[in-house]
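Notes for the structure review
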Amino acid sequence: MDRIVVTGGGALSGQIPIAGAKNACLTLMPATLLSDEPLTLTNAPRLSDIRTMTTLLQSLGAEVTALNGGRVLALSSHGLNNHTADYDIVRKMRASILVLGPMLARDGRAIVSLPGGCAIGARPVDLHLKALEAMGADLELRDGYVHAEAKGGLKGAVVDFPVVSVGATENALMAATLAKGTTVLKNAAREPEIVDLAHCLRRMGAQIEGEGTSTITIQGVDRLNGATHPVVTDRIELGTYMLAPAIAGGEVELLGGRMELVAAFAEKLDAAGVSVEQTAAGLKVTRKNGRVSAVDVRTEPFPGFPTDLQAQMMALLCTATGLSVLEETIFENRFMHAPELMRMGAKIDVHGGTATVTGVERLKGAPVMATDLRASVSLILAGLAAEGETVVNRVYHLDRGYERVEEKLGNVGAKIERVREHD
Ligand code: UD1
């Protein structure tokens, strides 16, 4: 299994291009199941999660061709011949559940294994299922699979989510585009990935209003057509690389970055003493002298501080002056990076969903273990600020969500390399 070796010290300078959003692409790809005409996604990220979704869609009989080195995905579902999403693929990635709504909406049936994914808490799919049931689907859980049927098609409904869920909003939104009548999604997620999905579906002929607010209204149509759609910028990759100069010092411009994608996060960086500036090409992040200041962080659904940047932000706050309190409200058990950061000399106390970080002058390099996608990159960021060598093991998590991390950070002056190992 590959390892990443980071040697700390030295300010960073230069530019890092930000890719298309993994989480947007993972919901845009299943949208192909809604139409028998081709869907082309441009600005796609090159990640193992995207390859997993490719395999899943292909297993259903869809055609998925990666063009331009994987930057463009040409999808077509005209020859769909299987309605079962198998456990062996679904277990690798929770986002696989996103094939359920579209398949059911178009063909009136779908069988999908219950998903796996990052080990960050229980992460049920009940909200996805309740939304589809409200639209008239008959669902049965049997042998670890959801068996869904909608004879005569889905029907428009009012779905009031008790908890904001990105995935459930996406599944319901896609399903509603082909349901008979009007669907109103209340307490819907407002993430930029939802807005991007709505834009793509509209290009395909869907009638949607209110994306980006907590009420989305969808007028069902009989069929959707093909479209070409560029994947929105990855705000989590953006935020992650914004932290690189914040932790290591220096000045880095994140190409393609936009403030509105990371406003709550940028506000916290500003409070910590890191400057973030919108430029014509992206966002420029600068930290010159001295340590950053402690700040308190509470994760929330968009537009709040994203849970997917909590681990990386903790890495920064490990080196701040003073005491920071991080509150995780979205997922339980999402502090698995804390004990690893502590191996590097960080002072962290975790109690339930709250972590208290006492900043230290300097972290020390150590062998650490990546436990999930965002945790693994937080350890790399911490390594940039640590004395000596940090070896991050089990980096397959990293490859699910970050393309060529060693190249992107290496290009701005970080001492980082991947040690390849073949088991
Ligand atoms: C998506 C993102 C993930 C991010 C998360 C929150 C993708 C592929 N993944 O995950 O990176 O961390 O949003 O921003 O886009 N919940 C239920 N029942 C459900 C669904 C969710 O109780 O049926 C709970 C979850 O356990 C969690 C909360 O709702 O506590 C939010 O989860 P959700 O927004 O659904 O996350 P995902 O869509 O899985």
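Structural data are supplied above this passage.
Rules used in this analysis
All residue numbers refer to positions counted from 1 along the written sequence of the respective chain. Owing to the predicted nature of the model, reporting of local features is limited to residues with pLDDT of at least 70; listing and counting of side-chain atom pairs is limited to 80 or more, with chain, interface and lining totals taken over all residues. Think of the side-chain values as coming from all heavy atoms in the structure, minus any hydrogens and water. Helical segments are the DSSP runs of H or I of at least four residues, strand segments are the runs of E of at least two, and each set is numbered from the N terminus. Just to be clear, the radius of gyration here is over C-alpha atoms, and the globule rule we use is 2.2 Å times residues to the power 0.38. Between buried and exposed lies partly exposed: a residue is buried under 20% and exposed over 50% of the maximum accessible area for its type, with that area taken using a 1.4 Å probe on protein chains only. Here, two residues are considered to be in contact whenever any of their heavy atoms come within 4.5 Å of each other. Counted charges follow a simple rule, with Lys and Arg positive, Asp and Glu negative, and His plus the chain ends left uncounted. Think of each charge as sitting on NZ of Lys, CZ of Arg, CG of Asp or CD of Glu. Here an axis means a line fitted to C-alpha atoms, over the contact stretch when the element is a helix, while the angle between two N-to-C directions is reported on a 0 to 180 degree scale. Every angle not falling under 35 degrees, over 145, or within 65 to 115 is termed oblique; those three ranges are roughly parallel, roughly antiparallel and roughly perpendicular. Crossing chirality is assigned from the near helix's rotation relative to the far helix, an anticlockwise turn below a right angle marking it left-handed and a clockwise turn marking it right-handed. A pair of cysteine sulfur atoms is labelled a disulfide when the two atoms are within 2.5 Å. We call a residue near a molecule or strand when any one of its heavy atoms sits within 4 Å of it. Residues adjacent in sequence count toward polar contacts only when both atoms are side-chain atoms; beyond that, a polar contact is any pair of N or O atoms within 3.5 Å, and within protein one must be able to donate a hydrogen and the other to accept it. Per-residue accessibility takes into account occlusion by the displayed protein chains alone, with areas from the Shrake-Rupley method and a 1.4 Å probe. Note that Gly is not counted as nonpolar here; it falls among the polar residues with everything else outside the nonpolar set of Ala, Val, Leu, Ile, Met, Phe, Trp, Tyr, Cys and Pro and the charged set of Asp, Glu, Lys and Arg. Here the rule is simple: two strands pair whenever DSSP picks up at least two bridges between them. Put simply, buried Ala, Val, Leu, Ile, Met, Phe, Trp, Tyr and Cys residues joined by side-chain atoms within 4.5 Å make one nonpolar core.

1. Comments concerning the overall build of the protein
From N to C terminus, the protein includes 14 helices and 26 strands. Relative to the globule expectation of 22 Å for 423 residues, the C-alpha radius of gyration of the protein, 21 Å, shows essentially globular dimensions. Dimensions along the principal axes, computed over C-alpha positions, put the protein at roughly 65 × 45 × 40 Å. When burial is assessed residue by residue, the protein has 57% of its 423 residues classed as buried. A separation of at least 24 residues holds for 74% of the contacts in the protein among residues at least 6 apart in sequence. Separation of charge centres in the protein, based on 42 positive and 49 negative side chains, amounts to 2 Å.

2. With respect to the packing of helix 4 (residues 100-107) against helix 6 (residues 166-176)
Where helix 4 meets helix 6, the axes come as close as 7 Å, and the angle between the chain directions of the two elements is 15°. If you check the angle between helix 4 and helix 6, you find them roughly parallel. The chirality of how helix 4 crosses helix 6 is right-handed. Together, Leu 100, Gly 101, Pro 102 and Ala 105 of helix 4 and Asn 171, Met 174 and Ala 175 of helix 6 make up the contact between the two elements.

3. Overview of the state of the cysteines
Taken as a whole, this structure holds zero disulfides when the rule is applied. Here Cys 25 stays free of any disulfide, with the sulfur of Cys 200 as its closest cysteine sulfur at 10.0 Å.

4. Structural notes on the site of the ligand
Among the 19 residues in the neighbourhood of the ligand, the closest are listed as Asp 126, Leu 127, Ser 165, Asp 308 and Ile 330. At 3.0 Å, a side-chain N or O of Asn 23 approaches an oxygen atom of the ligand. Taking Val 125, its main chain carries an N or O atom lying 3.5 Å from an oxygen atom of the ligand. Against a free-state accessible area of 740 Å², the protein chains account for coverage of 85% of the ligand. Looking at the shell around the ligand, the elements that each hand over two or more residues are helix 5 (126-134) and helix 6. No other element matches the three residues that helix 5 contributes to the shell around the ligand. Looking at side-chain class alone, the shell around the ligand contains nine nonpolar, five polar and five charged residues.

5. Quick notes on the sheet that holds strand 21 (residues 354-358)
If you trace the four strands from one edge of the open sheet to the other, you get 18-19-21-20, paired in mixed fashion. Where the open sheet ends on each side, the last strands, each with one partner, are strand 18 (297-298) and strand 20 (347-351). Here strand 18 pairs with strand 19 (residues 323-327) via two bridges, running parallel. Opposite Arg 298, over in strand 19, you have Glu 327 as the bridge partner. Seen against the sheet, helix 10 (residues 310-317) touches strand 18, strand 19, strand 20 and strand 21 and runs at an angle of roughly 170° to strand 19.

6. Structural notes on the nonpolar core
Among the nonpolar cores identified, the biggest contains 78 residues, and Met 29, Leu 57, Val 99, Leu 173 and Leu 201 are the most heavily contacted of them. Counting residues per element, this core draws most heavily on helix 6, at six residues. Apart from residues lying up to four places away in sequence, Leu 57 is in contact with Met 29, Pro 30, Thr 32, Leu 33, Ala 62, Val 64, Leu 75 and Val 99.

7. Some details on helix 6
Of all eleven residues that make up helix 6, ten are buried, and the element is covered over most of its length. All of the buried residues in helix 6 are Gly 167, Ala 168, Thr 169, Glu 170, Asn 171, Ala 172, Leu 173, Met 174, Ala 175 and Ala 176. The backbone nitrogen of Ala 168 lies 3.0 Å from a side-chain oxygen of the residue at the head of helix 6, namely Ser 165.

8. A look at the environment of Arg 374
Its location among the elements puts Arg 374 in helix 12 (residues 373-385). We classify Arg 374 as buried; its relative accessible area is 4%.

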